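Single-letter residue listing:
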Amino acid sequence: MSEESSQSSISIHFLDYWRVIRNRFPIILTVLMLAVITAYVVTVYFITPMYQSEARIKVAKENRDESYFEVNANIFDPIFHEAEIQTIKSEKILMPVIRRLNLPSKWADRTNSESEIPEDVVIDILRRSLDVSEESGSNVIKIRSYSQDPNEAKDVVEAVVQEYKKFRDQTAQNKEQRAFDAVDGKIEEQKIKLKAATDEVEKIRTDEKIDLINRQMSMLELEWDRISNKLDEAEQNYQARKIQMDMLLPLPPQEFLDAISANQELGQHIAELRTRQLQLQAGIEQLISGGVASEHPRVQALVAELEKVEEQLLNVIKGNKKALEIQLEVAKGNVERLRKDSDRLTEEIRLQYSEKIKPFEQAELRVVQEREKLQLMELRQLQRGVEKV
């Protein structure tokens, strides 16, 4: 019941409003027309129109410095861009614009002033009429100019851009000029350094008798090469004899005799002894098998001779084993002697190099470095001349 009465009350109120609007429509229309006409008249005849001109310029750091190293000019640097914005709004940019466009005289005529407006006032007004800002996160700077005169707004923007470009070009040129001037001033200094380094080389060459030392070192190096080759051969001989002895010494007597029989002279002697041994053994067996007693003088004589031959074979084995040991010791001693000679020559060469040759080579290296620096400076000087042409 209450909801129905509320809806009925809203409907009654709306109808009341509608009746009022309908009855007062001529008055409302008249007021609206007067407001529109008043706004038009004020806008056209009383408010001075303002015109805007805009320019967008891409600004980046110089890609050359005094050291001629390249930098990435596409990286956004907010500090650099804020500094450039302040530069654009500074007196060194705006004052040439004011004089170039003759703004004090123009603005005095516009305000019907009897004398020109002072430049400090003009620059303050011009700075307020300029809006210089950066596009977020980019290398683009926007320059907007506001003026009652559309041509003046355009001229101001163009003049600001041109003066800023001129300022940047002049700054880069001055920076490059300072770099080249610094190079010019250092060329003579570098020549002095090069001469000092060259004189130092010649002084060391004379005082230390480098040419004589080089000949001595050449002889030492040749001797070292000879000793090193002999040392290699001696070590190979020692290793071969050691392996031979390690293989022969553990062998049984007969196998040892077979192994050393490879020596032609020694093998012939061993073969004769072993042949005589076999003959004696066969003779003894033949006599005993023929019924001769072992105590018979003939048998005893053959046995005595056999023992003598076997003793000779044992002496051959002992002698050759001893010879192998002696030969190994001789080979080892030869290796040690040659190694000492090699170490001695190595130390002599090292001392000659570290005390005499190394300082000389370091001095020569300094000459090369100083000469390369001078050549680089002269190349930059030549580049400057080419760029000027």
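Please refer to the structure placed before this passage.
Residues numbered from 1 in each chain as written. Predicted model: local features only at pLDDT ≥ 70, side-chain atom pairs only at ≥ 80, totals over all residues. Heavy atoms only, no water.

**Q** Is there a simple way to think about the overall build of the protein in this case?
**A** Per the secondary structure count, the protein includes ten helices and three strands. Of the regular secondary structure in the protein, the N- to C-terminal order runs α-β-α-α-α-α-β-β-α-α-α-α-α. Here the protein holds 389 residues, and 26% of them are scored as buried. Of the contacts formed within the protein by residues at least 6 apart in sequence, a portion of 74% connects residues at least 24 apart. (Helix = DSSP H or I, 4+ residues; strand = E, 2+ residues; numbered from the N terminus. Buried < 20%, exposed > 50% of the residue type's maximum accessible area, 1.4 Å probe, protein only. Contact = heavy atoms within 4.5 Å.)

**Q** For this particular structure, what's the right way to read the layout of surface pockets?
**A** Where empty space is left can be seen by rolling a probe of water-molecule size over the atoms. Roughly 260 Å³ of volume is contained in the second largest pocket. Lining the second largest pocket are 15 residues, with W107, R110, I125, Y146 and E152 positioned closest to its centre. Put simply, the parts of the chain that give the lining of the second largest pocket at least two residues each are α4 (103-110), α5 (119-129), β3 (140-147) and α6 (150-207). (1 Å grid on protein atoms, 1.4 Å probe; cavity = no way out; pocket = protein on both sides within 12 Å on 5 of 7 lines; lining within 4 Å. Points joined across faces, edges and corners; volume = space filled by probe spheres on them.)

**Q** Looking at this structure, how should I read α5?
**A** Three or four residues apart is the spacing at which side chains of an α-helix point the same way, because the helix has 3.6 residues per turn. Restricting attention to buried positions, one finds in α5 the residues V122, I123, L126 and S129. On an axial view of α5, the arc spanned by its buried residues comes to 125 degrees, and they lie on one face. Seen from the buried face of α5, the exposed residues on the opposite side, beyond 90 degrees, are D120 and R128. (Arc of directions from axis to C-beta.)

**Q** What is the right way to read the packing of α4 against α5 from this model?
**A** For any two helices packed against each other, the geometry comes down to the angle between their axes and how far apart the axes lie. The geometry of α4 relative to α5 is characterised by a closest axis approach of 10 Å and an angle of 85 degrees between their N-to-C directions. Between α4 and α5, the angle is such that the two are roughly perpendicular. From α4, L103, P104 and W107 reach across to α5, where they touch E119, V122, I125 and L126. For the contact of α4 with α5, the per-class residue count stands at six nonpolar, no polar and one charged. (Axes fitted to C-alpha atoms, helices over the stretch in contact; angles between N-to-C directions. Parallel < 35°, antiparallel > 145°, perpendicular 65-115°, else oblique. Nonpolar A, V, L, I, M, F, W, Y, C, P; charged D, E, K, R; others polar.)

**Q** Looking at this model, I keep getting lost on a nonpolar patch on the surface. Mind explaining?
**A** Taken together, F25, L29, L32, M33, V36 and I37 make up a surface patch of nonpolar side chains, about 580 Å² in accessible area. Note that F25 resides in helix α1 (residues 2-46). (Patch = residues over 30% accessible without salt bridge, like charges linked within 9 Å, V, L, I, M, F, W, Y side chains within 5 Å. Areas by Shrake-Rupley, 256 points an atom, 1.4 Å probe, with all protein chains shown as cover. Salt bridge = Lys/Arg side-chain N within 4 Å of Asp/Glu carboxyl O.)

**Q** Please clarify how the pattern of salt bridges should be interpreted in this entry.
**A** Should the charged atoms of two oppositely charged side chains come close, the side chains can pair. Inspection of every chain in the model, using the stated rule, returns 20 salt bridges. Taking the shortest distance from any N to any O, the salt bridge between K154 and E158 comes out at 3.7 Å. With a gap of four residues between them, K154 and E158 both fall in helix α6, about one helical turn apart. One network of salt bridges, with partners in common, ties together E54, D131 and R144.

**Q** Could you clarify how one ought to interpret unusual backbone geometry in this entry?
**A** If a residue is not glycine, its phi is most likely negative; likewise, a peptide bond is most likely trans. The residue N102 is not glycine, and still its phi comes out positive at about 55 degrees. Looking at the secondary structure, you find N102 in the loop between α3 (91-101) and α4. The exposure class of N102 is partly exposed, given its relative accessible area of 37%.

**Q** I would appreciate a short explanation of the packing of α3 against α5 in the present structure.
**A** Contact geometry for α3 and α5: axes closest at 10 Å, N-to-C directions at 110 degrees. By the angle between their directions, the pair α3 and α5 is classed as roughly perpendicular. In this structure, α3 uses E91, L94, M95, V97, I98 and R99 to contact α5, whose residues at the interface are E119, V122, I123, L126 and R127. In the contact of α3 with α5, the residues fall into seven nonpolar, no polar and four charged.

**Q** How should the sheet that holds strand β1 (residues 51-58) be read in this particular structure?
**A** Paired through backbone hydrogen bonds, the strands of a sheet run either parallel or antiparallel to each other. Strand order in the open sheet formed by three strands is β1-β3-β2, with antiparallel pairing between adjacent strands. Among the strands making up the open sheet, the edge pair consists of β1 and β2 (130-134). Taken over all neighbouring pairs, the strand axes of this sheet differ in orientation by 15 degrees on average, direction set aside. When β1 meets β3, the two strands line up antiparallel, connected through eight bridges. When the sheet's bridge partners are listed, I57 is paired in β3 with I141. (Pairing = 2+ DSSP bridges.)

**Q** What exactly am I supposed to notice about helix α8 (residues 253-260) here?
**A** Taken residue by residue, α8 has F256, L257 and I260 as its buried positions. Buried residues along α8 cover an arc of 100 degrees about the axis, so they all sit on one side.

**Q** Could you clarify how one ought to interpret the nonpolar core in this entry?
**A** A general tendency of soluble globular proteins is for nonpolar side chains to be buried together. Of all hydrophobic cores here, the largest spans 30 residues; its most connected members are F256, L257, I260, I270 and V316. Counting residues per element, the ones that place at least two in this core are α7 (210-248), α8, α9 (264-289) and α10 (297-388). If you tally residues by element for this core, the top one is α10, at 14 residues. (Core = buried A, V, L, I, M, F, W, Y, C linked by side-chain atoms within 4.5 Å.)

**Q** I keep staring at the side chain of N139 and nothing clicks. Help me out?
**A** As for its position among the elements, N139 is in the loop between β2 and β3. The exposure class of N139 is buried, given its relative accessible area of 8%. There is a polar contact of 3.4 Å between the side chain of N139 and the side chain of H81. (Polar contact = N/O pair within 3.5 Å; in protein donor to acceptor, adjacent residues only side chain to side chain.)

**Q** Teacher, can you tell me more about the pairing of β2 here?
**A** Strand residues, when the strand is regular, have side chains that alternate between the two faces of the sheet. Relative to β3, β2 runs antiparallel, the two being bridged by five bridges. Paired with E134 across the two strands is I141, which belongs to β3. Hairpin connection between β2 and β3: a loop of five residues separates the two successive antiparallel strands, and G137 in this loop has a positive phi of roughly 70 degrees.

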